[in-house]
Amino acid sequence: MSQDRERLDALAHALESVVGADAVRRDEPMSAHTTFKVGGPADLFVSPASEDELVRVVRACRDTGVPHFLLGLGSDLLVGDGGYRGVMVDCAGALDDILMLGDPRERCQIVCEAGAAIADASALAASLGLTGLEFACGIPGSVGGAVFMNAGAYDGCCADVLESVRCLMPSGFVEEIPAGELEMGYRTSRVRTEGLVVLSATFALEPGDAAAIAARVAELTEARESKQPLELPSAGSTFKRPEGHFAGKLITDAGLKGYQAGGAAVSTKHAGFVVNVGGATAADVRAVISHVQDEVKRQFDVSLEPEVRFVGEF
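Remember, it's a predicted structure, so these values are computed and weren't measured experimentally. (Residues numbered from 1 in each chain as written. Predicted model: local features only at pLDDT ≥ 70, side-chain atom pairs only at ≥ 80, totals over all residues. Heavy atoms only, no water.)

What follows concerns helix 8 (residues 282-300). Spanning 19 residues, helix 8 covers 27 Å between terminal C-alpha atoms, matching the ideal 27 Å at 1.5 Å per step. Looking at helix 8, one finds that the buried residues are Ala282, Asp284, Val285, Val288, Ile289, Val292, Glu295 and Val296. As for helix 8, its buried residues are in contact with strand 4 (77-79), helix 7 (247-253), strand 14 (260-261), strand 15 (264-266), strand 16 (274-276) and strand 17 (309-311). Positioned one or two residues after helix 8, Asp301 has a phi angle of 55°, which is positive. (Helix = DSSP H or I, 4+ residues; strand = E, 2+ residues; numbered from the N terminus. Expected span 1.5 Å × (residues − 1). Buried < 20%, exposed > 50% of the residue type's maximum accessible area, 1.4 Å probe, protein only. Contact = heavy atoms within 4.5 Å.)

This brings us to the nonpolar core. Counting residues in each nonpolar core, the largest one holds 35 residues, and the members touching the most others are Leu133, Val147, Leu162 and Phe203. Broken down by secondary-structure element, the contributors of at least two residues to this core are strand 7 (108-113), helix 3 (118-127), helix 4 (143-148), strand 11 (162-168) and strand 13 (197-207). Non-local contacts of Val147, meaning those with residues more than four positions away in its chain, are made with Cys158, Leu162, Val165, Met184, Ser189, Val191, Val198 and Ala201. Leu250, Leu256, Val285 and Val308 belong to the second largest nonpolar core, which has 25 residues in total. (Core = buried A, V, L, I, M, F, W, Y, C linked by side-chain atoms within 4.5 Å.)

Looking now at the side chain of Asp284. Relative to the helices and strands, Asp284 is located in helix 8. For the buried residue Asp284, which engages in no salt bridge, the nearest side chain bearing the opposite charge is Arg286, 12 Å off. Those residues in contact with Asp284 that lie beyond four places of it in its chain are Ala261, Gly262, Gly263, Ala264 and Gly279. (Lys, Arg positive; Asp, Glu negative; His and termini not counted. Salt bridge = Lys/Arg side-chain N within 4 Å of Asp/Glu carboxyl O.)

Glancing now at the pairing of strand 7. In regular strands, side chains alternate between the two faces of the sheet. Relative to strand 7, strand 6 (residues 98-101) runs antiparallel, the two being bridged by four bridges. Counted as the bridge partner of Ile98 is Cys112 from strand 7. Here strand 6 hands over to strand 7 after six residues, with Gly102 in that stretch at a positive phi of 105°. Here strand 7 pairs with strand 13 via six bridges, running antiparallel. Residue Ile110 lies in a different strand from strand 13, and its bridge partner there is Phe203. (Pairing = 2+ DSSP bridges.)

Within the element layout of this structure, Ala153 appears in strand 9 (residues 152-153). What makes Ala153 partly exposed here is its relative accessible area of 22%.

With that settled, consider the environment of Met169. Its location among the elements puts Met169 in the loop between strand 11 and strand 12 (174-178). For Met169, a relative accessible area of 8% gives the class buried. Separated by 135 residues in sequence, Met169 and Leu304 have C-alpha atoms that sit 32 Å apart. The residues touching Met169, leaving out its near neighbours within four places in the chain, are Arg62, Glu175, Ile177, Arg190 and Leu196.

Secondary-structure assignment places Gln228 in the loop between helix 6 (210-227) and helix 7. Exposure remark for Gln228: the relative accessible area of 17% places this residue in the buried category. Look past the residues within four positions of Gln228 in its chain and what remains in contact with it is Tyr154, Lys269, His270 and Phe273.

Sheet architecture is open: four strands sit in the order 1-2-5-3, paired in mixed fashion. Either end of the sheet is taken by a strand with one partner, and the two such strands are strand 1 (24-29) and strand 3 (68-71). Strand-to-strand twist of the sheet, defined as the mean angle between neighbouring strand axes without regard to direction, takes the value 35°. Sheet analysis places strand 3 next to strand 5 (residues 84-90), joined by four bridges and oriented parallel. Among the inter-strand pairings, Leu71 is bridged to a residue of strand 5, identified as Asp90. Across the sheet, helix 2 (residues 51-64) lies against strand 2 (41-46), strand 3 and strand 5, angled at about 155° from strand 3, the strand it touches most. (Axes fitted to C-alpha atoms, helices over the stretch in contact; angles between N-to-C directions.)

So, on to the sheet that holds strand 16. Reading across the sheet, the three strands line up as 14-15-16 and stay open at both edges, with antiparallel pairing between neighbours. Single-partner strands in this sheet number two, and they are strand 14 and strand 16. Across two bridges, the pairing between strand 14 and strand 15 is antiparallel. Of the residues in strand 15, the one forming a bridge with Ala261 is Ala264. Running over the sheet, helix 8 touches strand 14, strand 15 and strand 16 and is turned about 30° from strand 15.

Evaluated as defined, the whole model comprises 19 salt bridges. Where Arg5 meets Asp9, a salt bridge forms, and the shortest distance between an N and an O atom there is 4.0 Å. Taken together, the positions of Arg5 and Asp9, both in helix 1 (residues 3-19) and four residues apart, correspond to about one turn of that helix. Under the relative-accessibility criterion, Asp9 is labelled buried at 18%. With a shortest N-O distance of 3.2 Å, Arg85 and Glu313 are connected by a salt bridge. In this pair, Arg85 is assigned in strand 5 and Glu313 in the segment after strand 17, connecting sequence segments 228 residues apart. With a relative accessible area of 31%, Arg85 lands in the partly exposed category.

Here you go:
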């Protein structure tokens with residue numbers, strides 16, 4: 001048995017003592033846990049059921065030097081066909097509580113565990129007549145992922161309403177960090193650049209007109225459903241917005257709508273999305289992304305940077 005296998009087996013046993021044997025799976029296909037519906041097996045797939053378990057799992061991975069990845073709802077993510085050599089930590093399996101603090105007739109807080117869907121937080125806020133999270137009604141990711149990349153849509157983003165984040169730091173300690181210290185920018189934050197682990201996030205929201213909030217959510221939902229290829233698996237918007245341009249328009253103008261490699265294609269509905277039209281592999285998706293980047297660069301001298309993260313072995 002190789003040293004890597006021995007180390008992984010020892011870690012598996014240690015993690016079972018933290019989360020229970022049923023919450024540790026070997027060779028788990030990541031196609032079952034990503035919105036692209038592609039991806040090979042993760043060596044270990046661990047589902048902590050509480051913040052304490054999540055902290056202990058991450059500390060154990062760090063202590064043994066085994067690579068680990070914090071998985072939310074699997075959007076904005078492409079896992080290679082060769083899978084992931086290490087531990088996939090499933091934050092969305094149980095860490096999905098959302099709690100409202102205060103009186104919704106006044107400024108109050110919504111506290112979300114890392115694995116909660118940001119869209120669920122938006123829905124709760126709307127139901128309480130709280131404004132600020134309407135932009136997130138259709139974002140397909142978790143709260144942890146949304147903070148990680150400062151997710152946004154329709155002229156809103158997490159930084160607009162985020163108050164603080166409870167994080168496991170690289171030092172191993174847990175800290176509450178004010179949003180103003182997270183250096184949140186376009187699709188980035190200190191969570192991303194410094195390897196912080198989001199445990200929970202607190203959003204500060206204002207009371208608003210319930211009818212107007214509901215109308216705005218309905219408007220954004222209709223816009224998303226009419227313009228985005230929600231009927232096919234994807235990772236969400238594939239590329240970051242290049243300065244001074246829109247990725248979808250550049251791709252359309254390059255004549256790439258419908259371009260296909262294997263089971264992956266540029267959406268004919270919205271060129272900013274690469275979709276799984278059936279039986280796609282991660283290699284297919286990456287081939288489409290690379291071709292789009294090459295053609296847009298060749299035709300318009302604009303570099304498209306993927307918003308999708310590439311993880312694992314390709």
